[in-house]
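# Coordinates in review
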Amino acid sequence: MPLLQVEHMTHFFGGLRAVHDYNLSIEQGQIRGLIGPNGAGKSTIFNLITGVYRPSEGKVTFRGESIVGLPSHEIAALGMGRTFQNLRLWRHMSVLDHVKMSQYSQIDYGLIGAFFGTKRRNQQEKENTEKALQLLDLVGIRHLADSMVTNLPYGVQRRVEMARALAINPKLLLLDEPTAGMNPDELMDLMQVIRQVHNTFGLSIFLIEHRMKFVMELCERIQTLVFGEVIAEGTPKEIQNNPKVIEAYLGKEVET
Amino acid sequence: MGYFLQNIVNALQWGSFYALVAIGYSMVYGVLMLFNFAHGDVFMVGAYIGFFTASGLMALAAMGSIAIPGWLILILTLIIAMFLNSFVGMAVERIGYRPLRDAPRASAAITGLMIGIILETGNLALLGAQRRAFPPLIPPTVYKVGGVYITNQKIVIIVVALALTLALHQFVQHTKWGMAMRAMAYDFLVVPLMGIPINTIAALTFALGSALAAAAGVLYGVAYPVLGPYMGIIIGWKAFVAAILGGRGSILGAASAGFLLGFIEIFVTMIFPSTMRDFIAYTIILLILTFLPNGFFGEPYSAKLRL
């Protein structure tokens, strides 16, 4: 059974058809890519899967459960982590707090425990802090745990986002243009981090990306989206040589 | 000197009410970017719930002809009023604000004013225009400490206000709900995607703010035992000023600004005739805000960030 299965998903914004008959099936442990020109509807697909929007038509199944219409906090708690195209961090909170915040759905002590500091609360808080620090270690920013994110460089903020997404214990990680705004050095680092995360947790990754080299190197299979429709799907090699993809990116050759 | 110290004690008591009410304003404003203009009236409802609880408990005690000490009734009244008023707050959020979460902020502000009027006039319709006298729960005992007269009521009010402020501060800084509140202050898109139910957090924010307002209402009844349907308006406005002065969403900021308001008002009356009190006090605050537009603890904030 695939981890995530999307069948015949279509979405309208008013009269505009943003996504048309979209299908996807991700197995446990796969890294998949979604490419396409700006405005093709890639982020919309992420928003549909994560419950920010409710698809107009179609089925979405995650871990064997239909998630269409579930509020996004429940979908997230099922094990779907996500990062964003434009960094969306809580600027004046510390790095550690970002990660601990994402553990919300795993914390089960009650209000009484919170106020009076019961044993279970203290125990859980300790474990969670430890887990959070390990995640920061994994993405290489443990030494910055107490810094406020607004003061940190861009590449580091990307890692904070990654750690935050990992803190909800995802089975599937959705990365929306993880390399946006990065320089080549940061890019190589990030690829390293993604590989490491993938190996450590054995999770599935679905990423939107514009940098071809990055996608081609990481992903097993890639979909190309144009005007809300998948025009090509296949291995990196197949995608690279697909005339439709080349046309979408470079334009049609003018016949003379 | 004794006179001066006396006024400090008075200012602390007077500021306690502002502080407790201001925290509720500040929390809602910080988490939902919403001016809950009904909050002063939620304070009024809290005072009335306290009045009925205290009267009921006293009647119960009289019926069983057991002597329940006044301080125990006061504690029970505080707890019950805070508990019940938190549901009033959640109802205000659910009925008034949640349907307007994506509406322009002006609509939400007007909603607050309307809910306020409904609470005031609802009280008027239900209970009539006569004022209610809050039952004397703890008979005043006066202690004289170095020329300063301190009543046991003043001590209770100040201690309860400070304790609640600190407890809430701890809550917001160190629990998952508090952290969720701080995160929600930045956006509504990412927070649910990290597994956090924003409707629950919004309701909790209103519940906590309203519980504190109820505590303020009960304590106010202890100090000034006359309740009326419009008692929340001026206190609400002034607490709102304190919330802004303290800085958006900052609990300690709102509380300290509430106490500062108490100090300014009391010390203005030390020097000037009391009819001039608010005129001078709020001119001073206007000047403070001119130079500190973000308040004491406010972060520079751009509304564009909020989705």
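Structure: above.
Figured I'd write up the structure that's included with this text.

What counts and what doesn't
- Each chain has its residues counted from 1, following the order in which its sequence is written.
- Think of it this way: whatever chain is written first is A, whatever ligand is written first is 1, and the rest follow in order.
- The predicted origin of the model limits local features to residues at a pLDDT of at least 70 and limits the giving and counting of side-chain atom pairs to 80 or more, whereas totals for whole chains, interfaces and linings rest on all residues.
- Excluding hydrogens and water, the side-chain figures rest on all heavy atoms present in the structure.
- Counting from the N terminus, the helices are the DSSP runs of H or I reaching at least four residues and the strands are the DSSP runs of E reaching at least two.
- Note on definitions: a residue-residue contact is assigned when non-hydrogen atoms from the two residues lie within 4.5 Å.
- A simple way to read buried area is as the amount of 1.4 Å-probe accessible surface that goes missing from two parts once joined, with both sides added.
- Here, a salt bridge means any Lys or Arg side-chain nitrogen found within 4 Å of an Asp or Glu carboxyl oxygen.
- Definition of a polar contact: a pair of N or O atoms within 3.5 Å, with one able to donate and the other able to accept a hydrogen when the atoms are protein atoms, and with sequence-neighbouring residues admitted only if both atoms are side-chain atoms.
- What makes two strands pair is DSSP finding at least two bridges between them.
- For helices, the fitted line uses only the C-alpha atoms of the stretch in contact; every axis is such a line through C-alpha atoms, and the angle between N-to-C directions lies from 0 to 180 degrees.
- Here is the rule: rings of Phe, Tyr and Trp (six-membered ring for Trp) pair when centre to centre is within 6.5 Å. Planes less than 30 degrees apart are stacked, more than 60 are edge-to-face, and the remainder are tilted.
- The rule is simple: take the accessible area with a 1.4 Å probe, protein chains only, and divide by the maximum for that residue type; under 20% is buried, over 50% is exposed, in between is partly exposed.
- Of the two site types, the cavity is a set of points on a 1 Å grid over the protein atoms alone where a 1.4 Å probe fits but cannot get out, and the pocket is an open set with protein on both sides within 12 Å along at least five of seven lines, each lined by residues with an atom within 4 Å of a point.
- Grid points are joined across faces, edges and corners, and a volume is the space filled by probe spheres set on the points.
- Under the scheme applied, nonpolar residues are Ala, Val, Leu, Ile, Met, Phe, Trp, Tyr, Cys and Pro; charged residues are Asp, Glu, Lys and Arg; polar residues are all the others, including Gly.

Once that is clear, we can look at unusual backbone geometry. All names here are of chain A. Backbone geometry places His8, a non-glycine residue, at a positive phi of 50°. Inspection of the secondary structure assignment puts His8 in strand β1 (residues 4-13). The backbone of Glu177 sits at a positive phi, close to 45°, despite the residue not being glycine. Tracing the sequence through the fold places Glu177 in the loop between β7 (172-176) and α7 (184-201).

Turning our eyes to something else, we now look at the interface of chain B and chain A. Listed per partner, the contact involves 27 residues of chain B and 29 residues of chain A. Summed over both partners, the interface of chain B with chain A comes to about 2700 Å²; 71% of that surface belongs to carbon and sulfur atoms. Per-residue buried area on chain B facing chain A is highest for Lys176(B), Leu193(B) and Met194(B); these three make up 27% of the total on that side. Across the contact surface, chain B and chain A share one salt bridge. The salt bridge partner of Arg182(B) is Asp97(A), with a shortest N-O separation of 3.5 Å. The tally of links between chain B and chain A comes to five residue pairs in polar contact (both at pLDDT 80 or more).

Residue and element names in this part refer to chain A. Taken in spatial order, the six strands of this open sheet run β6-β7-β8-β3-β9-β10, and their pairing is mixed. Each of the sheet's edge strands pairs with one partner strand only, and the pair in question is β6 (80-82) and β10 (229-234). Pairs of neighbouring strands in the sheet enclose a mean axial angle of 20°, with direction left out of account. Here β7 runs beside strand β8 (residues 204-208); their pairing, made up of five bridges, is parallel. Looking across to β8, one finds that Leu173 is bridged to Ile205.

It is worth spelling out the packing of aromatic side chains at this point. Residue and element names in this part refer to chain A. Enumeration according to the criterion identifies 20 aromatic pairs over all chains in this entry. Between the aromatic rings of Phe13 and Tyr53, the centroid separation amounts to 5.2 Å while the plane-to-plane angle is 85°, which identifies the pairing as edge-to-face. Linking Phe13 in strand β1 with Tyr53 in the loop between α1 (42-49) and β4 (57-62), this pair joins segments that are 40 residues apart in sequence. Here Phe13 falls in the partly exposed class, since its relative accessible area comes to 34%. On the numbers, 5.5 Å between centres and 50° between planes, the contact of Phe46 with Phe206 is tilted. One end of the pair, Phe46, is in helix α1; the other, Phe206, is in strand β8, with 160 residues separating them in the sequence.

This next bit is on the layout of surface pockets. Computed from the structure, the largest pocket encloses a volume of approximately 870 Å³. Taken together, 27 residues form the lining of the largest pocket, with Phe115(A), Met82(B), Phe83(B), Leu208(B) and Ala211(B) sitting closest to its centre. Those elements that provide at least two residues to the lining of the largest pocket are α4 (111-116) of chain A together with α3 (70-97), α5 (152-174) and α8 (198-223) of chain B. At 10 residues, the largest contribution of residues to the lining of the largest pocket is made by α3(B). Tallied by class, residues from the lining of the largest pocket come to 26 nonpolar, one polar and no charged.

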